[in-house]
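# Notes for the structure review
What follows is each chain in one-letter form.
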Amino acid sequence: MKLSISRRTLVAGGAALALGPGLLRPARADNGVTDSTIRIGQSAVFSGPAKDFGVDYRAGIQLYFDRVNKSGGIHGRKIELVTYDDAYEPAKTAVNTAKLIDEDKVFALTGYVATGNLAAAMPLAEKAGVPMFAPLVGTTSFRTKTNRYLFHVRAGYDLELRKIISHLSTLGIQSIAVVYQDSAFGKSNLATCEQLAAEYKVKVVQTLPMAIAAEDAKQVIGGLAEGRPGAVVMIMAGRMTEVFIRDYRASGAAAPLYTLSVGITDAAGSAKRLEGKLAGLVTASIVPPPGAQRVPIVADYQRDRAEFGQKIDSYTALEGYIVARVMAEGLRRAGKALTRDSFIAGLESIGSTRFGDFPVDYSAKNHNGSTFVDLEMYTRDGQLRR
């Protein structure tokens, strides 16, 4: 049989032999990749008042990874998720991230939670060239410029706030108060909210900070009484949202309440603790309802929950499931010779597509993922209605 070998191949081969036999070996795989595994790292909040975010997000991510692994993995490699608790504290996030990169030798990072925590981790990830995929963060400042190593899936908080403010404007509500979490997350998104309110000619009559660990909101609510806003927009996350709603309803205040998608995580638990006072709260949602099995990706999620015995069921868990599915697609597109560069290229090659009818868009100039945002209202028992 005659072999056709190009002059370029002969020259390259001769150069490799001249420089040493080591150059003929396959390129060394990036950290976290073996013939049988891909190791992914996560630092998130698994303890304290905001733990529902990390616990549910991890549950959803792991659920889809379990599906992948049961199906033989990606190009024969099973996905291993290594997680550490940062208790919502950015300093701990930095320590955990360094450990994941330097000691655990992870291939990529995923499932981080909160603005300040992501800000603490990103310099470490960038320095090491480790991709950061789908943090549970929608803050605008992370999205205005494309960062080679940072990919989002959820829609940004700017899109959530635009949906809320435009809705209020349509209803004829001309003034709002903003109660915001006293943190990087709260302050940065307060600025976005104010900009959008000005665009829609809705007056922000008050901006009031609230501590993450606050046990009551009476002082904040006392301040609200002076401004008499047409609606209250809450830029806060976790149990502090419950604290505010409890005391707000008890005060007899009647202005409607609006929150971002991260405001309520454990809806059933919140409804029980608030004894019906959750009713009427309007929230932005960045994934479909986890019970809406008419949506293909939700049907897949519920099927896998049943098969793998996953008891956690929430919007955040569904978001984690979607995140892992998109990440797995990027890994598949990266090919068998998996490297961080090929993973990034794989994600960027996804373009505009739908995962079980959930829209995602990536390119070399766009790492922002989805633009899906809807508004829903809570019932007394924690159900959501459009």
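Given the structure is predicted, the values throughout are model-derived calculations rather than measurements.

## Looking at the UniProt feature "domain: Leucine-binding protein" (unreviewed entry) in the protein
- Look at the UniProt record and you will see "domain: Leucine-binding protein" (unreviewed entry) annotated at residues 37-370.
- Split by type, residues 37-370 is 45% helix and 19% strand. Its first and last C-alpha atoms lie 28 Å apart.

## Considering the pairing of strand 6 (residues 175-181)
- Across the seven residues of strand 6, seven count as buried, placing the element largely inside the fold.
- Both faces of strand 6 are covered, namely the face carrying Ser 175, Ala 177, Val 179 and Gln 181 and the face carrying Ile 176, Val 178 and Tyr 180.
- Across seven bridges, strand 6 lies against strand 7 (residues 203-210) in parallel orientation. Among the inter-strand pairings, Tyr 180 is bridged to a residue of strand 7, identified as Pro 209.
- Between the parallel pair strand 6 and strand 7, the chain is carried across by helix 6 (residues 184-199), and the sense of this crossover is right-handed.
- Alignment of strand 6 against strand 8 (residues 231-235), held across five bridges, turns out to be parallel. Looking at the pairing, Val 179 lines up with Met 234 of strand 8.

## Side note on the pattern of salt bridges
- Per the counting criterion, the structure on display carries 21 salt bridges.
- Asp 52 serves as the salt-bridge partner of Arg 239, at 3.9 Å between the closest nitrogen and oxygen. With Arg 239 in helix 8 (residues 239-250) and Asp 52 in helix 2 (residues 51-70), the pair connects residues that are 187 residues apart, well separated along the chain.
- According to the relative accessible area criterion, Arg 239 is partly exposed, its value standing at 31%.
- Classification of Asp 52 by relative accessible area gives buried; the value is 16%.
- With a shortest N-O distance of 3.7 Å, Glu 242 and Arg 239 are connected by a salt bridge. In this pair, Glu 242 and Arg 239 both sit in helix 8, three residues apart, roughly one turn of the helix.
- Owing to a relative accessible area of 9%, Glu 242 belongs among the buried residues under this scheme.
- Connected through shared salt-bridge partners, Arg 67, Lys 70, Asp 300, Arg 303, Asp 304, Glu 307 and Arg 325 make up one network.

## Concerning the sheet that holds strand 13 (residues 366-369)
- Pairing is antiparallel across the open sheet formed by three strands, whose spatial order is 11-12-13. The sheet is open, and its two edges are formed by strand 11 (351-355) and strand 13, each paired on a single side. The sheet shows a mean angle of 20° between the axes of neighbouring strands, taken without regard to direction.
- Pairing between strand 11 and strand 12 (residues 358-363): five bridges, direction antiparallel.

## Structural notes on the environment of Glu 275
- Inspection of the secondary structure puts Glu 275 in the loop between helix 9 (267-274) and strand 10 (282-285).
- Glu 275 sits 29 residues away from Arg 246 along the chain, and the two C-alpha atoms are 9.1 Å apart.

## Here's the deal with the packing of aromatic side chains
- Tallied over the full model, the rule gives eight aromatic pairs.
- Ring plane angle 55° and centroid distance 5.8 Å describe the contact between Phe 107 and Phe 343, whose orientation is recorded as tilted. Highlighted residues: Phe 107 in the loop between helix 3 (90-102) and strand 3 (108-110) and Phe 343 in helix 12 (residues 340-348), separated in sequence by 236 residues. We note that Phe 107, like Phe 343, is buried.
- Both rings, one in Tyr 301 and one in Tyr 321, keep their centres 5.6 Å apart while their planes meet at 65°; by these two values the pair is edge-to-face. Of this pair, Tyr 301 sits in helix 10 (residues 296-308) while Tyr 321 sits in helix 11 (residues 315-334), and the two are 20 residues apart along the sequence.
- On the basis of relative accessibility, which here comes to 1%, the residue Tyr 301 falls in the buried class.
- Judged by relative accessible area, which is 0%, Tyr 321 ranks as buried.

Procedures and definitions
- Residues numbered from 1 in each chain as written.
- Predicted model: local features only at pLDDT ≥ 70, side-chain atom pairs only at ≥ 80, totals over all residues.
- Heavy atoms only, no water.
- UniProt positions renumbered as here; feature names shortened; annotations may be inferred.
- Helix = DSSP H or I, 4+ residues; strand = E, 2+ residues; numbered from the N terminus.
- Buried < 20%, exposed > 50% of the residue type's maximum accessible area, 1.4 Å probe, protein only.
- Pairing = 2+ DSSP bridges.
- Right-handed = clockwise from strand over helix to strand, strands pointing away.
- Salt bridge = Lys/Arg side-chain N within 4 Å of Asp/Glu carboxyl O.
- Axes fitted to C-alpha atoms, helices over the stretch in contact; angles between N-to-C directions.
- Phe/Tyr/Trp six-rings, centres within 6.5 Å; stacked < 30°, edge-to-face > 60°.

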